[in-house]
Amino acid sequence: MKRSLRTARSAVVALVAALAIVVPGAGAASAHGSRVVYDALGDSYASGYGVPPYADCGRSQSAYAVQLDGRKRVRLDDFVACAGATTTSLVSGGQLAALDADTDLVTLTIGGNDVGWSTAVTACLGGTDAQCTGAVAAVDARITGQLPSLLDTVYAQVAAAAPHARVVVTGYPRLFSTEHGPYLAATPQELGSLNAAADTLDTVIAAAATRAGFRFVDVRQRFEGHGANSPDPWILGPTDPGAFHPTIEGYQAYTAAVTSALKPGKPGCGRHHR
């Protein structure tokens, strides 16, 4: 019995000694677990446009950036996304000023306004077949011919302005659910051509993000079955002031997608030189 007691006491002492070694390491990990300084840039899909009320630049409290605040130790520092922004006006409008060497995380949604996306949607929903075909072809040409260099330029500027940050680039959803048939003046085939153009847009953005060493977040699957013409739309229809922008459910889908991309150990999570 005495030997058993001595053995038990020895085990307790060994455990305490082991904890004494582990605890300092845990304290060090906690010190590195400080809040993540987060800046949010981009266009109307980043500003939360579509779900009022709005602050300057169509910024909504429903934006995915605002919803991310407080998750994964993220602290939203600067929310400067602006409805209508292009790759060029993002820079000329001063959004880059939000970034500095202390920025840990950047999210960015940009590119849709550079290619005249809305003109194709308008042509297909309210125009003739020929107008729809021509508008989609023109948008496709701009996506593949002009957008890559524009994205390369703005991504390089973001990387220079926030040299230590992880950068997460979000894509755009398909706007329509073709399984629900025609919508306004557009046939299912025309809706499909618009969705195909959205796929091309996301492919180009993803490739540019990869070249820059950024993380691309694809939201298309999360919006599947929730197009503007579906019974449960997460995209606002043409009669809404925020036409063809996400609903609150749509922005929640964006938030979920970005949150998933920020999981520790997630491969390809973007630049982070710290």
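Structure shown above.
Nothing here was measured: the structure is a model prediction, and the numbers come from that model.

Student: What am I meant to see in the overall build of the protein here?
Tutor: Helices and strands together make up the secondary structure of the protein, namely 9 helices and 5 strands. Beginning at the N terminus, the succession of helices and strands in the protein can be written as α-β-α-α-β-α-β-α-α-α-β-α-β-α. Accessible surface computed for the protein: about 12700 Å², of which carbon and sulfur atoms make up 59%.

Student: Can you help me understand the side chain of Thr 109 in this one?
Tutor: Along the chain, Thr 109 turns up in strand β3 (residues 105-109). A distance of 2.7 Å separates the side chain of Thr 109 from the side chain of Tyr 64, its partner in a polar contact. The contact partners of Thr 109, leaving out residues within four places of it in the chain, are Leu 41, Gly 42, Asp 43, Tyr 45, Ala 46, Tyr 64, Thr 170, Gly 171 and Tyr 172.

Student: Sorry if this is basic, but what is going on with helix α7 (residues 147-161) here?
Tutor: Along an α-helix, a turn takes 3.6 residues, which lines up residues three or four apart on a common side. Between its terminal C-alpha atoms α7 stretches 21 Å, which fits the 21 Å expected from 15 residues at 1.5 Å a residue. In this structure, the buried side of α7 is in contact with β1 (36-42), α4 (87-92), β3, α6 (129-145), β4 (166-170) and α8 (188-212).

Student: Honestly, the nonpolar core in this entry has me stumped. Any pointers?
Tutor: In a soluble, globular protein the nonpolar side chains are often hidden away together inside. Within the largest apolar cluster, 78 residues are counted, with the highest numbers of intra-cluster contacts made by Tyr 38, Leu 41, Tyr 155, Val 158 and Phe 176. Here the element with the most residues in this core is α8; it accounts for 10 residues. Among all residues touching Phe 176, those that are not within four sequence positions of it are Val 121, Leu 125, Tyr 183, Leu 191, Leu 194, Asn 195, Gly 227, Ala 228, Asn 229 and Phe 244.

Student: Just checking my understanding: could you explain the packing of aromatic side chains for this structure?
Tutor: By convention here, two paired aromatic rings are described through the distance between centres and the angle between planes. Tallying each qualifying case throughout the model produces 10 aromatic pairs. For the ring pair Phe 176 and Phe 244, a centre distance of 5.9 Å and an interplane angle of 65 degrees mean the geometry is edge-to-face. Here the residue Phe 176 occupies a position in the loop between β4 and α8, and Phe 244 occupies one in the loop between β5 (215-217) and α9 (248-261), the gap between them amounting to 68 residues. Both residues of the pair, Phe 176 and Phe 244, belong to the buried class. An aromatic cluster is built from Tyr 45, Tyr 64, Tyr 172, Phe 223, Trp 234, Tyr 251 and Tyr 254, whose rings are joined through pairwise contacts.

The rules behind these values
Residues numbered from 1 in each chain as written. Predicted model: local features only at pLDDT ≥ 70, side-chain atom pairs only at ≥ 80, totals over all residues. Heavy atoms only, no water. Helix = DSSP H or I, 4+ residues; strand = E, 2+ residues; numbered from the N terminus. Areas by Shrake-Rupley, 256 points an atom, 1.4 Å probe, with all protein chains shown as cover. Polar contact = N/O pair within 3.5 Å; in protein donor to acceptor, adjacent residues only side chain to side chain. Contact = heavy atoms within 4.5 Å. Expected span 1.5 Å × (residues − 1). Core = buried A, V, L, I, M, F, W, Y, C linked by side-chain atoms within 4.5 Å. Buried < 20%, exposed > 50% of the residue type's maximum accessible area, 1.4 Å probe, protein only. Phe/Tyr/Trp six-rings, centres within 6.5 Å; stacked < 30°, edge-to-face > 60°.

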